[in-house]
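Remarks on the overall topology
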Amino acid sequence: MNDRVAATLREDPTMARLIDRHGPLTVEPAGDEFARLCTSIVNQQLSTASAAAIHERFVDVLGADPTPDLVLAADEGALRGAGLSGTKVEYLRNVAAAFRDGDRDLTRQGLADAGDEAVVDALTEIRGVGEWTARMYLIFALGREDVLPPGDLAVRKGIERVYNDGDELTRAEMREIGEAWRPYRSYGTRYVWAEYES
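Quick caveat, the model's predicted, so the values are computed rather than measured.

Parameters and conventions
Residues numbered from 1 in each chain as written. Predicted model: local features only at pLDDT ≥ 70, side-chain atom pairs only at ≥ 80, totals over all residues. Heavy atoms only, no water. Helix = DSSP H or I, 4+ residues; strand = E, 2+ residues; numbered from the N terminus. Contact = heavy atoms within 4.5 Å. Polar contact = N/O pair within 3.5 Å; in protein donor to acceptor, adjacent residues only side chain to side chain. Buried < 20%, exposed > 50% of the residue type's maximum accessible area, 1.4 Å probe, protein only. Domains from an automatic or database assignment. Buried area = accessible area lost by both parts, 1.4 Å probe. Salt bridge = Lys/Arg side-chain N within 4 Å of Asp/Glu carboxyl O. Nonpolar A, V, L, I, M, F, W, Y, C, P; charged D, E, K, R; others polar. Core = buried A, V, L, I, M, F, W, Y, C linked by side-chain atoms within 4.5 Å.

What follows concerns the environment of Val-27. Mapped onto the secondary structure, Val-27 falls in the loop between α2 (13-22) and α3 (33-43). Along the primary structure Val-27 and Asp-165 are separated by 138 residues, whereas in three dimensions their C-alpha atoms are 27 Å apart. Excluding residues within four positions of it along the chain, Val-27 makes contact with Ile-139, Gly-143, Arg-144, Glu-145, Ser-186, Tyr-187 and Arg-190.

Before going further, it helps to examine the side chain of Lys-88. In this fold, Lys-88 is placed in helix α7 (residues 86-101). Separated by 2.8 Å, the side chain of Lys-88 and the backbone oxygen of Val-42 make a polar contact. Setting aside chain neighbours within four positions, we find Lys-88 in contact with Ile-41, Val-42, Asn-43, Gln-44 and Leu-46.

Think of an α-helix as turning once every 3.6 residues; residues three or four places apart then point the same way. Of all eleven residues that make up α3, nine are buried, and the element is covered over most of its length. Tucked inside the fold, the buried residues of α3 contact α4 (48-62), α5 (68-73), α7, α8 (116-124) and α9 (131-141). With a side-chain oxygen positioned 3.0 Å from the backbone nitrogen of Phe-34, the residue opening α3 is Asp-32. Two residues or fewer after α3 comes Gln-45, characterised by a positive phi angle close to 60°.

Before going further, it helps to spend a moment on the domain arrangement of the chain. One can read the domain layout of the chain as domain 1 (3-26 + 148-197) and domain 2 (33-141). Placing a centre on the C-alpha atoms of domain 1 and another on those of domain 2 gives a separation of 26 Å. Carbon and sulfur atoms make up 74% of the surface buried where domain 1 meets domain 2, a total of about 510 Å² over both sides. The largest per-residue losses of area from domain 1 upon contact with domain 2 belong to Pro-149, Asp-152 and Trp-193, which jointly make up 53% of the total buried on that side. Our enumeration of links across domain 1 and domain 2 arrives at zero salt bridges. Summed over the shared surface of domain 1 and domain 2, the number is one residue pair in polar contact (both at pLDDT 80 or more). Partitioning the side of domain 1 that touches domain 2 into residue classes produces three nonpolar, three polar and three charged.

The subject of this paragraph is the environment of Met-15. In this fold, Met-15 is placed in helix α2. Not counting residues up to four positions away in its chain, the partners in contact with Met-15 are Leu-9, Tyr-163, Trp-181, Gly-188, Tyr-191 and Val-192.

As a further point, take the nonpolar core. Grouped together as the largest cluster of nonpolar side chains are 58 residues, with contacts concentrated most on Phe-58, Leu-123, Tyr-137 and Ile-159. If one sorts the elements of this core by residue count, α7 sits on top with seven residues. Of the domains in this structure, domain 1 (3-26 + 148-197) and domain 2 (33-141) are the two that each give at least three residues to this core. Tyr-137 has contacts with Glu-33, Leu-37, Phe-99, Leu-106, Thr-107, Leu-111, Val-119, Leu-123 and Leu-142, leaving out every residue within four places of it along the chain.

Structure below.
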């Protein structure tokens, strides 16, 4: 995290305390955008521990880090045996087909000129990629610095805990809190996650 990001986030006293508590966190593009998207799909609606275990077994079934060809060639029974639901197997295959055969380059290079909402629109055209997954892709695969995913349970609970004594907030109220972090809301999101998971 560079000085400009830290200075912006520290203008919010609550965020300044989180930075002091958790140290520097980064937002960087993934080395492999497809593998990162597979991770987000595996993680959908799972606890961190369950997701990590299933993801490890998923990679074991493939025999290597996910590629579109490996996912499309993998035995469905073996993928189900790794702990993936039939629905998630379908979603992973849909994403693999979109990366391999789609008419749009979904890598960082292919999406370099696309705004965040255009990326979300392109990804959510793939069955199995919802808004949550698309926003995770913006942060963790593309390294976009100004993304706030209020639909993420940990972000919602974390913001409520840190900013509102655990009481419920609307998405509009969460977005208003996140305004103080612009143009580095992805970093603010990472700090809220870190606090929620600690």
